[in-house]
Amino acid sequence: MLFRKFPYRDEVLAAVTVIMVIGSLTLAAIDEKSCPQFIELTKFAVSTYIRLLIPQSRSNDTDSNSNKIDEQDEDEKHR
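For every chain, the first residue of the written sequence is number 1, and numbering continues from 1 along that sequence. Two thresholds apply to this predicted model, a pLDDT of at least 70 for residue-level local features and 80 or more for giving and counting side-chain atom pairs, whereas whole-chain, interface and lining totals are computed over all residues. Heavy atoms from the whole structure form the basis of all side-chain values; hydrogens and water molecules are not counted.

From N to C terminus, the protein chain includes 3 helices and 0 strands. Here a strand is any run of E in DSSP of at least two residues, a helix any run of H or I of at least four, and the numbering for each starts at the N terminus. Starting at the N terminus and ending at the C terminus, the protein chain contains elements arranged as α-α-α. A total of 79 residues make up the protein chain; the buried ones form 9% of that total. Each residue's exposure class comes from its accessible area (1.4 Å probe, protein chains only) as a fraction of the maximum for that residue type: buried when under 20%, exposed when over 50%, partly exposed otherwise.

This is the structure in structure tokens:
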């Protein structure tokens, strides 16, 4: 439902992630004492982006599989 209200959600999320990664790596290069924290922040940003994309593709697969199963059940009932 949120996707229908905001169809460019994935593009905005990708842009924010790219900006966050570039900024974190830049700050890590500038401040060498805080480099490990900025690297962890970069890992977190990328993993969160990937994690947010995975459920969307799985839910579409699950929905299509459940629809196929429902159709097969209805066909068996009519036989």
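After that view, the rundown keeps rolling.
Attention now moves to the environment of Leu13. The topology assignment puts Leu13 in helix 2 (residues 9–30). On a C-alpha basis, the gap between Leu13 and Leu53 in space is 9.8 Å, while along the polypeptide they are 40 residues apart. Should any heavy atoms of two residues lie within 4.5 Å, those residues are counted as being in contact. Once you skip the residues sitting within four places of it in the chain, Leu13 turns out to touch Tyr49 and Leu52.

One side-chain nitrogen of Lys or Arg within 4 Å of one carboxyl oxygen of Asp or Glu is enough to make a salt bridge. Within the structure shown, the criterion is met by 1 salt bridge. For the salt bridge of Glu40 with Lys43, the shortest nitrogen-to-oxygen distance reads 3.2 Å. Here the residue Glu40 and the residue Lys43 both occupy positions in helix 3 (residues 35–78), the gap between them amounting to 3 residues, near one helical turn. Note on Glu40: relative accessible area 45%, which makes it partly exposed. On the basis of relative accessible area, Lys43 is assigned to the partly exposed category, the value being 49%.

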